[in-house]
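Structure at a glance
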Amino acid sequence: MNHLQLFRAIEANTHLQDLKFNGYQLWSIVRNKYRHHLLANISDSQAESKRSMALVKNIFYGFSSLFRRYDTVLFSHTINRKLLNGTYYDRFTDPISDCIGQNNACTVELTNDSHHKRDTMHTKHVVSHIGIKIVGLLLSKFIKVPDIADFNAINTQFNIRVNYQKDIKEFIANTAVFMALLKLWRPKQIYVVCYYSYIDVIFAAHKLGIPVIEIQHGLIGDKHLAYHSSLALNKEYFPDTLFTFGQFDADTLSASTLFKHTERIPLGNWLLEYATHKVDAEQKKLLRKQLLIKPYKKIIVITSQVTVENQLIAFVKQTARLSHDNLFIFLPRTYNEGYSTMFHDYENIILTKEYDFYTLVQVADVHATVYSTCALEATRFDVINVLININDMSVKHFQNILQDKKDAYFIATPEEMIQCITKEKRIAKEMNSYFFAHDYNHNLKKRLGTI
């Protein structure tokens, strides 16, 4: 069975929703830990290297912003920042902070490595999540959680190594820490990017009567297990409102048991709209000329994901060996120096820190990915869109969304990839607002005006 089938088999045990400890619904706390462990090749990418040493340096990052009051507190991650006009801009939270006023908002930021220097960030008030996590970790040592027979059985039956006692203890401790911080900050609302990374924050906010809004960060659809379940789980572990990219995900979640109590508001995709307007025709022409040096004929941009990265890298190398006259640009989810030697023996594969997907897709001939949201975004541009069906992930996530040979080509081998590269570029039409609502800024201001 694949990870989708395995997780559904686990949740076929309806008794999971009834497991309680000190009033906490335990499965709501740990279910995404189990989901995470079932994903193929999780955490095996170069993006995880050098992580622990750098994290220690972040403990006191933004300490001066900790002891203030804010109308709004937002929770995000450094991977959501893009270098725009010389400063690092959080593509999800900064549009909201700008709208309500940067002085009235604070971003609590996670990182896998280190935060950007304060004078290079657009966000005015930023606090590192790492220091808060360390306090929670220390407090968790004083909490006792009993053995849970159902969880032990899952670990044994499905060969999963989830330390559920540690996760539950940290959740309880983090909830206490965040309740104290929220009483200090006194926000009127809280925003989170990716709700399942912040279940402790959501739970603490609900205990204090503070509404929580999630900002969609990637494709949801009907296969994302964090958003779909057969179990009836308590709404206090889920956001009150979800800002979606478009009507597609809003409609899909109308059938979700988990999100039946969540208001769904299509806003659009801020960075996608920004990117389509920031690069003019002359800039595109110059960048394409810089990249497309002899003997290269076409530019292929590959967007990666950590869950399938090693297999995708192997696939790209095989394809590049068959296609010496084309340039492949590999974009990891989060770049670090560990990638620098990855393609050392391949002259026609490059990595770039200077340009992101939204810039490169406008000068590329082909875009390829496994199941990134970039596959949807690429349909707005004049590129051949390719889905590389590793571990059947492309088909699982996109077969009911993108039409084969029209919106994208579903392929499985390097030879099929070469065939796609030889095709003529498609001419993009104005994207239907079903996937990405139009006019993000207008939609956001209208929505904030009602809060």
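Fair warning: this is a prediction, and the values are worked out from it, not measured in the lab.

**Considering the pattern of salt bridges**
Opposite charge on two side chains permits pairing when their charged atoms draw close. Scanning the model with the defined rule gives 10 salt bridges in all. For E109, the salt bridge goes to R81, with nearest N and O atoms at 2.6 Å. Of this pair, E109 sits in strand β6 (residues 105-110) while R81 sits in strand β4 (residues 81-84); the two residues are 28 residues apart in sequence, bridging distant segments of the chain. Both residues of the pair, E109 and R81, belong to the buried class. Ionic pairing is found between R447 and E263, a salt bridge with its closest N-O pair at 3.0 Å. One end of the pair, R447, is in helix α17 (residues 440-448); the other, E263, is in strand β11 (residues 263-266), with 184 residues separating them in the sequence. Of the residues examined, R447 reaches a relative accessible area of 16% and is grouped as buried.

**A short note on unusual backbone geometry**
A negative phi angle characterises most non-glycine residues, just as the trans form characterises most peptide bonds. In this model, K294 is joined to P295 through a cis peptide bond whose omega is 5°. Notably, N159 is not glycine yet its phi reads approximately 55°, a positive angle. Inspection of the secondary structure assignment puts N159 in the loop between α6 (149-157) and α7 (164-185). In this structure N159 comes out as exposed when scored by relative accessible area, which is 67%.

**Overview of a nonpolar patch on the surface**
A cluster of nonpolar side chains, namely F60, F63, F67 and L184, defines an oily patch on the protein surface of about 440 Å² accessible area. Topologically, F63 is positioned in the loop between α3 (51-56) and β3 (72-77).

**Looking at the packing of helix α5 (residues 129-140) against α7**
Viewed as axis vectors pointing N to C, α5 and α7 meet at an angle of 125°, and their least axial separation amounts to 8 Å. Considering their axes alone, α5 and α7 lie oblique with respect to each other. Every pair of crossing elements has a handedness; the one defined by α5 and α7 is right-handed. Together, H129, I132, K133, V135, G136, L137, L139 and S140 of α5 and K169, E170, A173, N174, V177, F178 and L181 of α7 make up the contact between the two elements. Of the residues contributing to the contact of α5 with α7, the split by class is 8 nonpolar, 4 polar and 3 charged.

**Focus on the packing of aromatic side chains**
Tallied over the full model, the rule gives 30 aromatic pairs. Where Y195 meets F259, the ring centres are 5.6 Å apart and the plane angle is 80°; that geometry is what we call edge-to-face. Of this pair, Y195 sits in the loop between β8 (189-193) and α8 (199-207) while F259 sits in the loop between α9 (247-252) and β11, and the two are 64 residues apart along the sequence. Take Y195: its relative accessible area is 0%, and that puts it in the buried class. On the basis of relative accessible area, F259 is assigned to the buried category, the value being 0%.

**Details of the sheet that holds β8**
Taken together, the 7 strands give an open sheet; going across it, the order is β7-β6-β3-β8-β9-β10-β11, and neighbouring strands pair in parallel fashion. Each having just a single partner strand, β7 (126-128) and β11 make up the two edges of the open sheet. Neighbour to neighbour, the strand axes of the sheet diverge by 20° on average, direction disregarded. Pairing analysis gives 3 bridges linking β6 to β7, with the strands arranged parallel. Paired with V108 across the strands is V127, a residue of β7.

**Concerning the sheet that holds strand β14 (residues 349-351)**
Spatially, β14-β13-β12-β15-β16-β17 is the arrangement adopted by the 6 strands of the open sheet, whose pairing is parallel. Only two strands of the sheet have a single neighbouring strand rather than two, namely β14 and β17 (409-411). Recorded for the sheet is a direction-independent mean angle of 25° between the axes of neighbouring strands. Here strand β12 (residues 298-303) runs beside strand β13 (residues 326-331); their pairing, made up of 6 bridges, is parallel. In the strand pairing of β13, V301 is matched with I329.

**Topic: the environment of Q305**
Along the chain, Q305 turns up in the loop between β12 and α12 (309-321). Residues Q305 and R333, 28 residues apart in the sequence, show an inter-C-alpha distance of 5.6 Å. Not counting the four nearest positions on each side in its chain, Q305 is found in contact with T369, V370, Y371 and S372. A polar contact is formed between the side chain of Q305 and the backbone nitrogen of S372, at a distance of 3.2 Å.

**A short note on the confidence of the model for the protein**
Averaged over the protein, the pLDDT score is 91; the fraction of residues at 70 or greater is 95%. Contacts of residues 40-51 to residues separated by more than four positions or lying in other chains number 27 contacts, the stretch itself having pLDDT below 50.

Each value, and the rule that gives it
- Residues numbered from 1 in each chain as written.
- Predicted model: local features only at pLDDT ≥ 70, side-chain atom pairs only at ≥ 80, totals over all residues.
- Heavy atoms only, no water.
- Salt bridge = Lys/Arg side-chain N within 4 Å of Asp/Glu carboxyl O.
- Helix = DSSP H or I, 4+ residues; strand = E, 2+ residues; numbered from the N terminus.
- Buried < 20%, exposed > 50% of the residue type's maximum accessible area, 1.4 Å probe, protein only.
- Patch = residues over 30% accessible without salt bridge, like charges linked within 9 Å, V, L, I, M, F, W, Y side chains within 5 Å.
- Areas by Shrake-Rupley, 256 points an atom, 1.4 Å probe, with all protein chains shown as cover.
- Axes fitted to C-alpha atoms, helices over the stretch in contact; angles between N-to-C directions.
- Parallel < 35°, antiparallel > 145°, perpendicular 65-115°, else oblique.
- Left-handed = near helix turned anticlockwise from the far one by under 90°.
- Contact = heavy atoms within 4.5 Å.
- Nonpolar A, V, L, I, M, F, W, Y, C, P; charged D, E, K, R; others polar.
- Phe/Tyr/Trp six-rings, centres within 6.5 Å; stacked < 30°, edge-to-face > 60°.
- Pairing = 2+ DSSP bridges.
- Polar contact = N/O pair within 3.5 Å; in protein donor to acceptor, adjacent residues only side chain to side chain.
- pLDDT = per-residue confidence, 0-100.

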